[in-house]
Every structure is written in structure tokens, then in C-alpha cells.
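# Breakdown of the fold
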Amino acid sequence: MHQFELALKSVKLRLLKMHYDSNSGHLGGNLSCIDALMTLYHLVIKPDDRFILSKGHSAGALYLTLWSLGKLKDSDIETFNKDNTLLPGHPCVYGISDLLFSTGSLGHGPSLASGLALAAKYQNSNRQIYCLCSDGEWQEGSCWEALIFSIHHQLNNLTIIIDQNGLQGFGKTEEIISCSNLTLRISSFDAHVQRIDGHNCSEIRTALNNKSSIMPNILILDTIKGKGSHFEGKMESHYLPLSEEQYRTACSKINEDRDS
Amino acid sequence: MRNAFAKTVVSHCNNVDYFFLTGDLGFMALEEVETAFGSRFINTGVAEQNMIGVAAGLAREGFKVFAYSIAPFCYARPFEQIRNDVCLANLPVCIVGNGGGYAYGYMGPTHHALEDCAAMNALGVRVMVPAFDEDIPVMLAELSSPTYLRLGYDDRPKGAEVPRYAPWRQVLSGEHGAIAALGPLAGIAWQALLDVPAHDRPSVWAVTEFNSDEISEEFWIQVTGRKLFVIEEHVAAGGLGMHVALAMAHLGVQVSRFIHRHALGYPTGRFGSQAFHRAQCGLDINGVRAMVLE
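Residues numbered from 1 in each chain as written. Chains lettered and ligands numbered in written order. Predicted model: local features only at pLDDT ≥ 70, side-chain atom pairs only at ≥ 80, totals over all residues.

### Re the overall build of chain B
Along the backbone of chain B there are twelve helices and eleven strands. Rg of the C-alpha trace for chain B: 19 Å, near the compact-globule value of 19 Å for 294 residues, within the 12% margin. On the principal axes, the C-alpha backbone points of chain B span a range of 55 × 40 × 35 Å. Looking at the 294 residues of chain B, the share that counts as buried comes to 53%. (Helix = DSSP H or I, 4+ residues; strand = E, 2+ residues; numbered from the N terminus. Rg over C-alpha atoms; globule rule 2.2 N^0.38 Å. Buried ≥ 20, exposed ≤ 12 C-beta atoms within 10 Å, placed from the backbone.)

Laid out in C-alpha cells, this is it:
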């Protein structure tokens, strides 16, 4: 676990640098889900399993997670959000085998993951399908279409992870179209729902391994947008890139955590 | 034509490589597909966005997938899923739109599909509009990329033999230019001109794929210096007429006149059968005949 924690902090530092170097926004949603992505990829997922990043605006966190596993090179990461890159701000299916679909428009992942899960069932495969959504994304009707489909077909090999950071494009989720009782709502459809601290990797690992034998699994993560940065829990974290001072402060904070 | 489609799916595609999804449509048409496909036939319910997403997921795992609904519901509602999930990944999903054009007549404009081919073609989807029942087995012989199949009615003259399939093929000879007719309208034009002497009529070409690379040399020879007619149950924007005009301009072909009849929407604000709407657009038998003989 200690090695994993070192890798996690290294990835967070690299994530900050990548976004700082490319002057890119969307850092907040990357920092809210990086703990879950790293836990999933390093401690849970098996080689044949599938993953879809439905909240495509957290592409940076996914790229760095793949980088931490040696699936992307430094030279790839350095091209992020630059001309002639394979790593645009939202993941694209071209050129990188771990990216199964092009995501970025919200509400697509759950249906795609349901299709993958259905295929695995039909092929008598034990592979597991994981899909990471945002909480605001559940304002998209297509998520609910996929939810009722996956429940009807008892796709217990499907796990949908929801990064519930409470902030979306233009304000707080609870003030726009409230999803504050998402746990209750999704539970009422009969899915297997767990809600945990989305920054506690041990809890995330346990919850990801605690699967229903019948129903699709929904893991709701309580997270903080922009966690570890100066704009933790603030709207600015959704869009704004880091200034040099903000970048250095965020790096110091993560380094302090590493030293503690 | 949907019965011919269902029979083809059962006879040509009923193997472990194929899934068939329907958005809760196909009563009295898809029952034999449902029986033949068993667990590979899934009614995904009234949720077309999810149907296309699921189709993409299945296709990503190596399956070839049919996604069926009536035409407007399967291309317009889930347009973004087709664009992002199917097309960007270049997956073998065949979106089957039953009742293209005004085919659902009395059901009203929400059930018509007048711009489907242009919308799908713009995404790089292979667009196929069978004119005759026999076209369907040829079209379904290979499914390797995003495909849109627009089903209508086989309107050939009674008892007529259909020439061997080609995306552009002449079904009636003539000496006064040529008509390029999209899908089932080839049968309408064929009926309209069958009793007109060959030296007084244009030839009739059935166009069943939206790919101007497939236009034959023979077609260009027939229209050079003569009239070129294009008829389609589809809006002008992005339709067959525009494709033919563009190809003509690229090749420098000179015609004496370019006459384009296409879907006009609802010019009187009234609704009726497919025949009613076709007549309003000059796309019925009388309209086509008058267009040619005027």
C-alpha cells in the first residue's frame, strides 16, 4: 500500500504539472476522481476488465493513471492538449488501446458500459466493466435509460462509479438540478448502491470489491472538487488553469502530504 | 420491405456474431428474428439513446449489431450516440430505420424521416436505401462499419424482374436523358414511364447508396447534353440531388437541364398518406410522368 501511496502522490504532482504546462482547466474534476481512478487501476482492475471514463473532462486523471502503469510515456504526457497530440482534453478512441470510446459529452458512458457488460455475459466472461461518471452527469436522461436497462438485465458485472463532488459547470449541483439524494434515488431502482468517502483509497478498494451477485453496482463517492489545490471546492476549479504561484502552492501541499 | 429485411436477417445473419436490438418496435415483423436470435435479440425499450450506446458496447466486443426502430426514432433521437459512440470508433452497427421519407403517412410529421440520409451521410455512415426486396440480402452481406439502412416499400411494376444489384443501376432504358431515383422511388418512376416509348422517355436508374463514387460511366453518357432528373423522398439539403450535382461539377459533365424533385416538408400544412405527401411534392406516378413529359 505504501508503494501505491507514493505512486498516487507522484501522479497528482504530474497531473498538476501537466495541466500547468498546457495551461488547461478542468483540474477540479480531475483532482476529485484521481484517488478513485488510481485505486481502481492499481488495486482492483484485472487485465481483461474494461473501463470507460464517462466524465471525459477528467481525461488528465485517466492519462496520468495510465502513465503510472507504464501505458503512456512521458513524451505522450508532454503533448497533452497541444497540437499533434493523442491526448486531447477529452479522451479519444484513436491510437490508445485502453481508451475504448471517445467521451466528453456527458451521459454516454453508462449505456456503453452496459453494452460491454452484456457482451461479457453473453461470452461467459468474468471480466468486469467499470464506468466513472460525474454527479451532474446524472441530469442526463440517458444515464437513467442505462440504469434501468442494466438493472433489468441484472448486469452484476457492471460497476458505475459516481464522482459526487457537488459542483458542475455553472454552480452547485444541489442549486441547479439537485442530485443531493442520488443515493436514495438510484437505490429505489434496485441497484446495489454504496456511498463512501471518495478520497479514502482503502474504502474505495473495499467497496469496489464488494459487488452484488445479482444487480449492477453503483458506487457513489463523496469527493471534493479540486482537492489539494487552492480552489478546493470552488467553481473556478472546473475551468481555470493554474497560475505559477497556484501551481507551486498545490505542489507544496501534495509534497507536505507525502512527507507527513 | 421490413418483412424481406426480417427474413434476410434470419437467413444471413443468424449466428453468434450478431445481436439484434429494437427500440420496442417491430410488431408483426420481427417475431421470427426474435425467435431465431433468442438471447441475442433484445428489446431495449423506449430508450433510443441507450439502445445505440448498448449497440456500440456490444460492437466494441466484436459483435455486429442491428439497432432497429422506425426511421426518425433511430437516427434523430440518438444522433450524438451515433456520432460519438459508433462513428468515432468505426463500429459495425447497422441502424435500421423502417419507413423512411413519408412512409408513416397518417402518423404525422414526427414519424416521418426526411433528412435522415443527409444526417447519417454527414457522419460518414454508409447510407443504404434499398429500392427492391432483393437488394437487402446484398446490402447485408457485409457489415463492417457504421451503416444506416432506410427501409421503405418495394414499388416496382407488378411482375417486373429487377436487374442484378449495383448501387447505381438502370432499371428502365430510355433515350431522353436519365432519372436518378433514390430507393423506392425507382419503382415509382419505373411504373410512371413503363408505357412511354423508349425514344420519348429518360432511362430510370435506381440509386440505393449515398456514394457518388459509384455513379457509372454509362449514366454520365446518358445525361451528357440531355436532361438529368433526380427524385428523392428526402429534403434537398444534403440529399441525392446535391451529391449528383457536385459529382457532375467535379467531372465537368454538361447536361441540358438539371431537374430536382425532392421532399418539400408540409407545403399545405395538411397531413395524409405517403401517397398524399408524395403527390404534394410531385413524387407520385402522375407527378413523375408529368415532370418528364412536360
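### A few points about the overall build of chain A
Along the backbone of chain A there are eleven helices and seven strands. Rg of the C-alpha trace for chain A: 17 Å, near the compact-globule value of 18 Å for 260 residues, within the 12% margin. A principal-axis box enclosing the C-alpha atoms of chain A has dimensions of 50 × 40 × 35 Å. Buried residues in chain A amount to 48% of all 260 residues. Within chain A, contacts between residues at least 6 apart in sequence are counted, and of these 76% link residues at least 24 apart. (Contact = placed C-beta atoms within 7 Å.)

### A closer look at the confidence of the model for chain B
Here chain B shows a mean pLDDT of 97. Residues at 70 or above account for 100%. Scored as a whole, the predicted complex attains pTM 0.96, and scored at its interfaces, ipTM 0.94. (pLDDT = per-residue confidence, 0-100.)

### Looking at the sheet that holds strand β2 (residues 41–43) of chain B
All names here are of chain B. The sheet built from six strands is open, its strands ordered β2-β1-β3-β4-β6-β5 with parallel pairing. The two strands at the open ends of the sheet, each matched to only one other strand, are β2 and β5 (126–128). Neighbour-to-neighbour, the strand axes of this sheet turn through a mean angle of 20°, independent of strand direction. (Pairing = 2+ DSSP bridges. Axes fitted to C-alpha atoms, helices over the stretch in contact; angles between N-to-C directions.)

### Describing helix α9 (residues 201–209) of chain A
Residue and element names in this part refer to chain A. Here α9 has its buried residues at Cys 201, Ile 204, Ala 207 and Leu 208. Buried residues of α9, seen end-on, are gathered within an arc of 125° and therefore sit on one face of the element. Relative to its buried face, α9 has exposed residues pointing more than 90 degrees away, namely Ser 202 and Asn 209. Among the structural elements, α2 (27–44), β3 (158–164), β6 (192–197) and β7 (217–222) are those in contact with the buried residues of α9. (Arc of directions from axis to C-beta.)

### Considerations on unusual backbone geometry
Even without being a glycine, His 26 of chain A presents a positive backbone phi close to 65°. Tracing the backbone shows His 26 of chain A in the loop between α1 (2–22) and α2. One non-glycine residue, Met 28 of chain B, lies in the positive phi region at around 65°. Assignment of secondary structure puts Met 28 of chain B in the loop between β1 (18–22) and α2 (31–37).

### Looking at the pairing of strand β3 (residues 64–70) of chain B
Along any regular strand, the residues point their side chains to alternate faces of the sheet. Residue and element names in this part refer to chain B. In terms of burial, β3 is largely enclosed, as seven of its seven residues are buried. Judged from the five bridges that link them, β1 and β3 form a sheet pairing that is parallel. Paired with Phe 19 across the strands is Val 65, a residue of β3. Pairing geometry for β3 and strand β4 (residues 93–98), over six bridges, is parallel. By the bridge assignment for β4, Phe 66 is matched with Cys 94.

### Considering the environment of Arg 248 of chain A
Residues and elements named next belong to chain A. Its location among the elements puts Arg 248 in helix α11 (residues 244–259). Given 13 C-beta atoms within 10 Å, Arg 248 falls into the partly exposed group. When the C-alpha positions of Arg 248 and Lys 17 are compared, they lie 9.5 Å apart, and in sequence the two are 231 residues distant.

### Details of the nonpolar core
Counting residues in each nonpolar core, the largest one holds 162 residues, and the members touching the most others are Leu 21, Ala 55, Ala 67, Ala 181 and Ala 189 of chain B. At eight residues, the largest contribution of residues to this core is made by α2 of chain A. For Ala 181 of chain B, the contacting residues outside a window of four places in its chain are Ala 186, Ala 189, Val 204, Trp 205, Ala 206, Val 207 and Ile 231 of chain B. (Core = buried A, V, L, I, M, F, W, Y, C linked by C-beta atoms within 7 Å.)

### Comments concerning the environment of Val 96 of chain B
Residue and element names in this part refer to chain B. For Val 96, the position within the fold is in strand β4. Residue class for Val 96 comes out buried when judged on the 27 C-beta atoms lying within 10 Å of it. Sequence spacing of Val 96 and Asn 3 is 93 residues, and the spatial spacing of their C-alpha atoms is 13 Å. Setting aside residues up to four positions removed in sequence, Val 96 forms contacts with Phe 66, Ala 67, Tyr 68, Cys 74, Leu 149 and Leu 151.

### Focus on the interface of chain B and chain A
Taken together, the contacts link 20 residues of chain B with 19 residues of chain A. Of all the elements in the fold, those that place two or more residues in the side of chain B that touches chain A are α3 (48–60) and α5 (79–87) of chain B. Among the elements that make up the side of chain B that touches chain A, the one with the highest residue count is α3 of chain B (nine residues). Split into classes, the residues belonging to the side of chain B that touches chain A amount to eight nonpolar, eight polar and four charged. (Nonpolar A, V, L, I, M, F, W, Y, C, P; charged D, E, K, R; others polar.)

### Focus: the pairing of strand β6 (residues 147–151) of chain B
Residue and element names in this part refer to chain B. Burial analysis of β6 places five of its five residues in the buried class, the great majority of the element. By the bridge criterion, three bridges tie β5 to β6 in an arrangement that is parallel. Residue pairing in the sheet places Val 127 in a bridge with Tyr 148 of β6.

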